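Examining the three-dimensional arrangement
Listed below are the residues making up each chain.
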Amino acid sequence: MSLSRRELVMLAAALPGFGGLAHAKAPTAAKTPLPFNPAPDDEAAWERIGQEFVITGSHLNTGTYGSCPLPVLEATIQYLRGFERMLTQPHIDGPGLHTQLERFLGAWPGSVAILRNTTEAMSTVAAGLDLAAGDEVVSTTHEHIGGKCCWEMLAARRGVVYRTFAPILDPTREADMAAAWMAQVTPRTRVFSISHVHFTTGLIQPVQALVRMAREHGIITVIDGAHPPGLFEMNLQELDADFYASSPHKWLLAPKGTGLLVVRPDRIGTTWPLVASGNWNSPGTSRFEHVGTMGESVLAGLGAAIAFHQAIGSKAIEERTRSLATRLDAMLREVPGVEVVSPSRPEFRSAMVAFRYAGRSAEAMQGYLNSRMIRTRRISEGGLEYIRLSTHIYNFPRDLDRVVELLREMPAG
Ligand SMILES: Cc1ncc(COP(=O)(O)O)c(C=O)c1O
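Residues numbered from 1 in each chain as written. Predicted model: local features only at pLDDT ≥ 70, side-chain atom pairs only at ≥ 80, totals over all residues. Heavy atoms only, no water.

**Some details on the pairing of strand E4 (residues 161–165)**
Note that strand E3 (residues 136–140) and E4 share five bridges and pair parallel. Looking at E4, one finds that Thr140 is bridged to Phe165. With respect to chirality, the unit in which E3 leads through helix H6 (residues 145–158) into the neighbouring parallel E4 is right-handed. (Pairing = 2+ DSSP bridges. Helix = DSSP H or I, 4+ residues; strand = E, 2+ residues; numbered from the N terminus. Right-handed = clockwise from strand over helix to strand, strands pointing away.)

Below you can see the structure in the form of structure tokens.
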């Protein structure tokens, strides 16, 4: 971790036990308490929340990584410092963390496995189901490598058929999106592998309807839910998918290297673990979690990330992040030459906006914005060439105004 002096000062102020920074002067003004449930346009409240972050410039790429707030950094670093003293190992309340996650996600008791990321969780499912040659896995052409390579490898290794179709990118009705999936079903279809939120454009798939329809056809649902926790309020029991994979290091702002696999209870005991160690044959989700020595400091940070999120309020965070995206979407559509490729209807859009810009490559735009301290994601997978901007609680209307202004000024060619 390389921190600027300003960041070190902020961190030192926030961390009573964070030694080694005795030379850093803490800011004199005491912070007011975190606002709970602020309205989406309560700028003073969001500015206060923004004081919890060490971000330099504008971070508009939460879709790749969220930035941890100070309490999450604190919990993670405290754990590391305690561990490296080597006398005793700091305690992580494993059962407590699992319960905290289950409540946060609305998941069944005992259904959560804590892994390293979505990629590992998706690979666990693909390798852990007993699919045979000719069995079909249906998905879209907009899947992330972390959600599709596990199926591609099964296709290469065992003759499983990985069928992808081009999703509707600007839907008007959920029913049309669901019908596009159902049109792919054959008697050999065993799995729907569905990105809950597409990494390319932020499109939200109608997972609730898809899970219900899939089950009627005996099809297993595997949701690549890398994005939703921390972005939407979740109720995974209500969703009732067979498998839900996620990365809290994105929108939940947890330390990097925290992942989740939520398994419907009836599937836990029959899904093989990816890595075999102690507990590989346990009937609970610990069968998926034993992967040898791990850096456990991230687990301390994960618990702190949930607490931080809940201290502000899930609904408030969702409304703020999505309203910023709606504002950004509207502004971008006004820029001559910009073509927004994210859904035009806010209910399908989440908090990411992707676009092309005539005469400017995505690579050039990313370099141009990056040199002005704005972090973006270039989407170049699958022959696409988009810039994607994510909006989170550490972004402000001024960040959006600035990025749009800079794009207007960017010369073509
Ligand atoms: C939809 C989707 N799936 C999977 C992943 C992979 O996530 P991770 O690198 O945390 O495994 C990403 C990362 O951006 C993603 O956007």
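Let's pick the thread back up.
**Points about the site of the ligand**
Neighbouring the ligand are 13 residues; Thr119, Asp224, His227, Ser247 and Lys250 lie closest to it. Within the side chain of Thr119, one N or O atom sits 2.5 Å away from an oxygen atom of the ligand. Contact distances for the ligand include 2.7 Å between an oxygen atom and a side-chain N or O atom of His249. Relative to its unbound accessible area of 390 Å², the ligand is 89% covered by the protein chains. For the shell around the ligand, the residue count by class is three nonpolar, eight polar and two charged. (Near = heavy atom within 4 Å. Polar contact = N/O pair within 3.5 Å; in protein donor to acceptor, adjacent residues only side chain to side chain. Areas by Shrake-Rupley, 256 points an atom, 1.4 Å probe, with all protein chains shown as cover. Nonpolar A, V, L, I, M, F, W, Y, C, P; charged D, E, K, R; others polar.)

**Regarding the domain arrangement of the chain**
Here the chain is described as being made up of domain 1 (31–60 + 314–409) and domain 2 (94–308). On a C-alpha basis, the centres of domain 1 and domain 2 stand 26 Å from each other. Counting each side, the surface lost to burial between domain 1 and domain 2 is near 2200 Å², with a carbon and sulfur contribution of 65%. A per-residue breakdown of the area domain 1 buries against domain 2 is headed by Phe348, Met352 and His392, which together make up 25% of the total. Between the two partners, domain 1 and domain 2, sit zero salt bridges. At the junction of domain 1 and domain 2, the tally comes to seven residue pairs in polar contact (both at pLDDT 80 or more). Breaking the side of domain 1 that touches domain 2 down by element, the ones donating at least two residues are helix H13 (314–333), strand E10 (352–357), strand E12 (377–379) and strand E13 (386–390). No other element matches the six residues that H13 contributes to the side of domain 1 that touches domain 2. Of the residues in the side of domain 1 that touches domain 2, the class split is 14 nonpolar, eight polar and 10 charged. (Domains from an automatic or database assignment. Buried area = accessible area lost by both parts, 1.4 Å probe. Salt bridge = Lys/Arg side-chain N within 4 Å of Asp/Glu carboxyl O.)

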